[in-house]
Structures are given as structure tokens and as C-alpha cells.
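Below are the chains, spelled out letter by letter.
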Amino acid sequence: MVRIEGLRKSFGSLEVLRDINLNVMPGQVVTIIGPSGSGKSTLLRCINLLESPDAGHVWFHGANLAADHVNVNALREKIGMVFQGFNLFNNKNVLDNCTLAPVLLKKMTRDEAEHVAMEHLESVGMAAFAHAAVNTLSGGQKQRVAIARALCMNPDLMLFDEPTSALDPEIVGEVLEVMRRLAAGGMTMVVVTHEMSFAKSVSDEVLFMDRGVIAERGTPEQIFTAPKQERTRTFLARYLED
């Protein structure tokens, strides 16, 4: 579904991504772990061209996103993204947040969009809050709405950029449970996270990034029980007990 070759990205003199190569297969859950500043979020944002790569290629469903003839916006409609900071419209209620894009971009009727939205809000446990103002919700509730909003576009791929890092520890679990159900349902997902237990239990492949490169990759068992790189071991030692 996603193929990345030779991806590079710099901000000024700071090289953030260096020669990244990655394949994501349909139905696969790929998690990206690593220290802050290692390029994880930038890699995620390059997949849907929220950041433009300086070099290399990103293919989605076989289409080169950098090609002049490719309709990037049409492809983006099939890529859902959930951000660390929710990115909901605070001047709209929950239901309006979920129906805006399907009505504008998919040309659904309001009734159709509301029907789809209520199904997804139900799936994340937020149907009872459909008419609530966004600014009355907790962080965990906002993030669940953000996931439902992305699902309303019927994406083929879901990108999660540290979706729990802005949440209080006691409500992290409710968001991770929604993500676990998505993964179990076969959703293709690329997840940047510091939640090691989630990465260990849900991932098909784990990438460890450090200083702009994929320093190590493997199955959760390989990465969490027998990492080959010293910097992977040092990083994981901060999160995992012996």
C-alpha cells in the first residue's frame, strides 16, 4: 500500500530524514519508536505530503505522490491521520467535525454523512456526545472523536502521530483500545508512539528510528527481546523492565 525509497528531508541545515526505505502492506500495523527528534513524525507527515520530501519517492497504491499528474488531494482522502493535538474544530460540535469532510469532499448528503458519522462515533464510544461542544470534552474523548472523524472518510490507511502523548496517563488506555480494535479489524496503520506495550502487542513490524535513519527494524519479538543495535537497547532500557 505504501512504498518509500530513498526519502530525505531537511529543515535548513538540519537533516531530519536520511535515505529512508519502507514498505507497508495492506492490513499491516507498523509502529515507529525512537527518541524525540529522530524524525518519526516527519516521516509520517511525508507519507501524505504534509511535508514535501527533498529527495526520494513515496508511492501510495502504486501512485507516486510527487508526480505532477497525480491528484494528491484525491489520494489523501484515502489516508486518515490522527494528530497528537487532536486538530478538531473547536467552534463545531462533535457530529459537525465528523461530517464536514465527507460532505465537502465525498459529496455525501448531510443525512448520509451523519449516518456514517454516528456509526463511527458508536464504534469509538462517543455516540452519546454527538451534539456536544468539542471544548467540553476530555483529551481522551477528543482523540476518540478525531479517530472517528478520520474513519468517516473510509480511509485505506490510518496514520497516528503520537496520539496519546498529550493525554493524562489514566485515559491513554481508552484511545489505545480503539486503536487495538482497528488493528484487529484489518486496518492498515502506521503509528508513531511511545507506548511500548501497544507496539509490542499490536505491531506486525517495529521500526526504531534514531538521528534520521531507521536504525533497526523487525518483529516486536525481535525488537523488544533481542535488539541487535546498542542504541536500540539503550533506548528500550528506559522504557522496559528487565
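Residues numbered from 1 in each chain as written. Predicted model: local features only at pLDDT ≥ 70, side-chain atom pairs only at ≥ 80, totals over all residues. Heavy atoms only, no water.

*Asks:* Give a description of the pattern of salt bridges that names residues and reports values.
*Replies:* Inspection of the entire model under this criterion finds 11 salt bridges. With a shortest N-O distance of 3.8 Å, Glu-177 and Arg-181 are connected by a salt bridge. Of this pair, Glu-177 and Arg-181 both sit in helix H6 (residues 169-184), separated by 4 residues, roughly a single helical turn. With relative accessibility at 37%, the residue Glu-177 sits in the partly exposed group. Here Arg-231 and Asp-210 are joined by a salt bridge, their closest N and O atoms 3.3 Å apart. Here Arg-231, found in helix H9 (residues 230-237), pairs with Asp-210, found in strand E9 (residues 205-210); they are 21 residues apart in sequence, far enough to count as distant. Given a relative accessible area of 30%, Arg-231 falls into the partly exposed group. What makes Asp-210 buried here is its relative accessible area of 11%. When salt bridges that share partners are traced, they join Asp-96, Arg-110 and Glu-114 into one network. (Salt bridge = Lys/Arg side-chain N within 4 Å of Asp/Glu carboxyl O. Helix = DSSP H or I, 4+ residues; strand = E, 2+ residues; numbered from the N terminus. Buried < 20%, exposed > 50% of the residue type's maximum accessible area, 1.4 Å probe, protein only.)

*Asks:* Now, about the packing of aromatic side chains: what can you tell me, with residues and values included?
*Replies:* A full pass over the atoms with the stated rule returns 1 aromatic pair. Seen from their ring centres, Phe-208 and Phe-235 are 5.3 Å apart, and the 40° between their planes marks the pair as tilted. Within this pair, whereas Phe-208 is found in strand E9, its partner Phe-235 is found in helix H9, the two being separated by 27 residues in sequence. Per residue, the accessibility class of Phe-208 equals that of Phe-235, and both read buried. (Phe/Tyr/Trp six-rings, centres within 6.5 Å; stacked < 30°, edge-to-face > 60°.)

*Asks:* How would you explain unusual backbone geometry if you had to name every residue and give the values?
*Replies:* Notably, Phe-86 is not glycine yet its phi reads approximately 75°, a positive angle. The topology assignment puts Phe-86 in the loop between strand E6 (79-82) and helix H3 (94-105). Given a relative accessible area of 14%, Phe-86 falls into the buried group. Unusually for a residue other than glycine, Asn-87 sits at a positive phi of about 60°. Among the structural elements, Asn-87 can be located in the loop between E6 and H3.

*Asks:* Can you lay out the nonpolar core for me, pointing to particular residues and giving the numbers?
*Replies:* Residues Leu-121, Ile-147, Met-158, Phe-160, Met-179 and Met-189 are the most contacted members of the largest nonpolar core, which totals 40 residues. Within the residue set of this core, elements represented by two or more residues are H3, helix H4 (110-123), helix H5 (139-151), strand E7 (157-161), H6, strand E8 (188-192) and helix H7 (196-202). Tallying contributions element by element places H6 first for this core, with 8 residues. The contacts of Met-179, once residues within four sequence positions are left out, are Ile-147, Phe-160, Pro-163, Met-189, Val-191 and Phe-198. Judged by nonpolar contacts, the second largest core, of 33 residues, contains Leu-22, Ile-79, Phe-83 and Val-190. (Core = buried A, V, L, I, M, F, W, Y, C linked by side-chain atoms within 4.5 Å. Contact = heavy atoms within 4.5 Å.)

*Asks:* With reference to specific residues and values, describe the packing of H5 against H6.
*Replies:* Following both chains from N to C, one finds H5 and H6 inclined at 20°, their axes separated by 8 Å at the closest point. Classified by the angle between their axes, H5 and H6 sit roughly parallel to one another. H6 is crossed by H5, and the crossing has right-handed handedness. Contacts between H5 and H6 pair Gly-139, Gly-140, Gln-141, Gln-143, Arg-144, Ile-147 and Leu-151 from the former with Ile-171, Glu-174, Val-175, Val-178, Met-179 and Leu-182 from the latter. For the contact of H5 with H6, the class distribution of residues is 7 nonpolar, 4 polar and 2 charged. (Axes fitted to C-alpha atoms, helices over the stretch in contact; angles between N-to-C directions. Parallel < 35°, antiparallel > 145°, perpendicular 65-115°, else oblique. Left-handed = near helix turned anticlockwise from the far one by under 90°. Nonpolar A, V, L, I, M, F, W, Y, C, P; charged D, E, K, R; others polar.)

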